[in-house]
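An overview of the molecular structure
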Amino acid sequence: MDMTSDRQQPKTDGDLFAFLDSLGIAHTTKTHAPVFTVAESVALRDEIPGGHTKNLFLKDKKDNYFLLTVEENATVDLKTVHSVIGAASRVSFGKPEKLMEYLGVVPGSVTAFGVINDTGLKVKLILDADLMHCDVINAHPLRNDATTSIAAADLLRFIAATGHEPLVLKVTS
């Protein structure tokens, strides 16, 4: 049975930019070669100032899903972070199928902007407190061959406008 017919297509970067514009949120996007890892994206640092993000798509044993957005060089202790984020158990990485189903992105393109696709509010988004000290935050606009820069306060406004609670917690060591 084909279950995909009743699911809407994930939103595109164009949909994202239109949504940001509708909220009056300033954003700039720079296109670049596709980057799949933090290591590959470090080459862009000179061209794109601000805090750069690393994203962890996690789940607990009760199938609660979490997206942790942290500064790219930060370390997250997966053995203990569940107690900080309110998970029911220790967390593990969510499967790529769920990543696409809930956030509309593939591994390598994970981004806080993905919550625009999570209309069922299945994913709890947590922004690391240290990252939020940056004036500007850089994240993939739902694809990994571009980087969108947005003010930290505006990222919180965007998240709230998607119906998600923008949680800022200290999740890194």
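Parameters at a glance
- Per chain, the residues get numbers from 1 upward, laid out in the order the sequence is written.
- Predicted model: local features are reported for residues with pLDDT of at least 70 only, side-chain atom pairs are reported and counted for 80 or more only, and whole-chain, interface and lining totals are derived from all residues.
- To obtain the side-chain values, all non-hydrogen atoms of the structure were included, while hydrogens and water were left out.
- Definition used in this section: a nonpolar core is a set of buried Ala, Val, Leu, Ile, Met, Phe, Trp, Tyr and Cys residues joined via side-chain atoms within 4.5 Å.
- Note on classification: 1.4 Å probe, protein chains only; a residue is buried when its accessible area is under 20% of the maximum for its type, exposed when over 50%, partly exposed between these limits.
- What counts as a helix is a DSSP run of H or I of at least four residues, what counts as a strand is a run of E of at least two, and both are numbered from the N terminus.
- Two residues form a contact once any of their heavy atoms are found within 4.5 Å.
- DSSP calls a pair of strands paired once it identifies at least 2 bridges connecting them.

Focus: the nonpolar core
In this structure, Leu16, Leu20, Leu103, Phe113, Leu155 and Phe158 are the most contacted members of the largest nonpolar core, which totals 29 residues. Per-element tally for this core: the top contributor is helix H5 (residues 152–161), with 4 residues. Residues within four places of leucine 103 in sequence aside, it is in contact with Phe57, Leu67, Lys98, Gly114, Val115, Asn117, Asp118 and Val123. Leu56, Leu68, Ile85 and Val91 belong to the second-largest nonpolar core, a separate cluster that totals 14 residues.

Thoughts on the side chain of glutamate 72
Among the structural elements, glutamate 72 can be located in the loop between strand E3 (65–71) and helix H3 (81–85). Residue classification places glutamate 72 among the buried residues on the basis of a relative accessible area of 8%.

Description of the pairing of E3
Extensive coverage of E3 is indicated by the burial of 6 of its 7 residues. As defined by bridge partners, strand E2 (residues 51–59) adjoins E3 across 7 bridges and the pair is classed as antiparallel. Residue pairing across strands places threonine 53 opposite glutamate 71, the latter belonging to E3. Counted along the chain from E2 to the antiparallel partner E3, the turn is 5 residues long, and its residue aspartate 63 has a positive phi close to 60°.

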